[in-house]
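One letter stands for each residue in the lines below.
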Amino acid sequence: MRAVLFAQFGEPEVLEEAEVPDPVPGPGQVLVDVEAAGVNFADVRQVSGHYGAPAALPFIPGREVVGRAPGGRRVMGFTDNGFASKAVLPEDAMVEVPESLRPGQALALLVQGLTAWHLLRSSAKVQPGESVVVNSGAGGVGSLAVQLARHFGAGRVIATASTEEKRRLALELGADAAVDGHADGYAERVLEANGGRPVDVVLDAVGGPVFEAALDVLAMFGRVVTYGSSSGEHPRPVDPARLAERNAGVIGFWLRPLLDRRGLDREVLGELLGLTASGRLRPLAGAEYPLGEAAQALSDLAGRRTVGKVVLTT
């Protein structure tokens, strides 16, 4: 089969296309003809040797695929070596994908969609009528969280984003307001967007000073859910007394240990696929690169030159 692999750690340019033996499925596994593989920042970090480094090289990266199972079923799920024309998926950890969905739409629902759903439902436990702030509201997770917050009955959805173009996109996706997400003046802009009132929930993957500013906008029993630190800056430790003043909470979320413990959440993924197929949820499908251009895809993703879910097609 065709595959993209790396024999040494480094920049995306170390990736190369090669012919390798087909993987052999074990008990409970299915060999899938890959239609497309999702590209994530984790892939960039793995190629560089800074994230889940494989035990041996050469190695085929890629964790998400959509493709054809035996019998013609269109399915998707997580694998270990997805940048290839064939991949192995666990039979009990894959879901069927509607034919109407583009590969990028479907694959956006795996890591990003499941994360957005659990941020709102499992971590924040958003209630109807509550106000929700989504930092980075035009990003992969944020764009879905904006839409799902509205779907789950949030009373007001406020997105933050770094550019006017991204703020317009957040409004198109259903946000009631969109404001600049920089730390300076963050609290004032968010409070103004909420009619001068503090907010119930903030979803944050920026970290650093933005996370700290988010604490200042919380209402009584408000909560910040932190699920990343794209700024590269770590916030200062939070004084519990600062939270106690408003009975507020800080909640951490990471999808990986949830998947390790419970496996693929097929019920939630089925819900997300259904919402997408019916047009009530709009995952942002981005650029599609041929498999042989994986290095360019990872480079563009790392350089933030892409919008929406980036995929490699076989």
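Basis of the calculations
Here, residues in each chain are numbered from 1, in the same order as that chain's written sequence. Totals for whole chains, interfaces and linings use all residues, but because this is a predicted model, local features are given only for residues with pLDDT of at least 70 and pairs of side-chain atoms are given and counted only at 80 or more. Water and hydrogen atoms play no part in the side-chain values, which are based on all heavy atoms of the structure. When DSSP finds two or more bridges between two strands, those strands count as paired. Helix and strand assignments come from DSSP, with helices taken as H or I runs of at least 4 residues and strands as E runs of at least 2, each series counted from the N terminus. To get an axis, fit a line to the C-alpha atoms, keeping to the stretch in contact for a helix; angles then go from 0 to 180 degrees between the N-to-C directions. In this analysis, two residues are considered to be in contact whenever any of their non-hydrogen atoms come within 4.5 Å of each other. Definition used in this section: a nonpolar core is a set of buried Ala, Val, Leu, Ile, Met, Phe, Trp, Tyr and Cys residues joined via side-chain atoms within 4.5 Å. The cut-offs for exposure are 20% and 50% of the maximum accessible area for each residue type, with area from a 1.4 Å probe on protein chains only; residues under the lower value are buried, those over the upper are exposed, and the others partly exposed.

Chemist: Would you explain the pairing of strand β12 (residues 218-226) in this entry?
Modeler: Each regular strand shows side chains that alternate between the opposite faces of the sheet. The pairing of strand β11 (residues 199-204) with β12 spans five bridges and is classified as parallel. Across the sheet, Asp204 pairs through a bridge with Thr226, a residue of β12. Pairing of β12 with strand β13 (residues 249-252) involves four bridges; the strand directions are parallel. Across the sheet, residue Thr226 finds its bridge partner in β13, namely Gly252.

Chemist: What should I look at first to understand the sheet that holds β13 in this one?
Modeler: What holds strands together in a sheet is hydrogen bonding between their backbones, with the strands either parallel or antiparallel. Strand order across the open sheet formed by six strands is β10-β9-β8-β11-β12-β13, with parallel pairing between neighbours. Strands with a single pairing partner mark the edges of an open sheet, and in this sheet they are β10 (177-180) and β13. Averaged over neighbouring strand pairs, the angle between their axes works out to 20° when direction is ignored. Against the sheet, helix α6 (residues 186-193) engages β8 (131-134), β9 (156-161), β10 and β11, with an angle of about 165° to β10. Sheet strands in contact with helix α7 (residues 208-215) are β11, β12 and β13, and its direction is about 160° off that of β12.

Chemist: I would appreciate a short explanation of the nonpolar core in the present structure.
Modeler: Soluble globular proteins tend to pack their nonpolar side chains together in the buried interior. Counting residues in each nonpolar core, the largest one holds 54 residues, and the members touching the most others are Met76, Leu120, Leu148, Leu203, Leu269 and Leu272. Apart from residues no more than four positions distant in its own chain, Leu272 is found in contact with Leu109, Gly113, Leu114, Trp117, Leu148 and Leu281. Within the second largest apolar cluster, 34 residues are counted, among which are Leu15, Val20, Val32 and Ala84.

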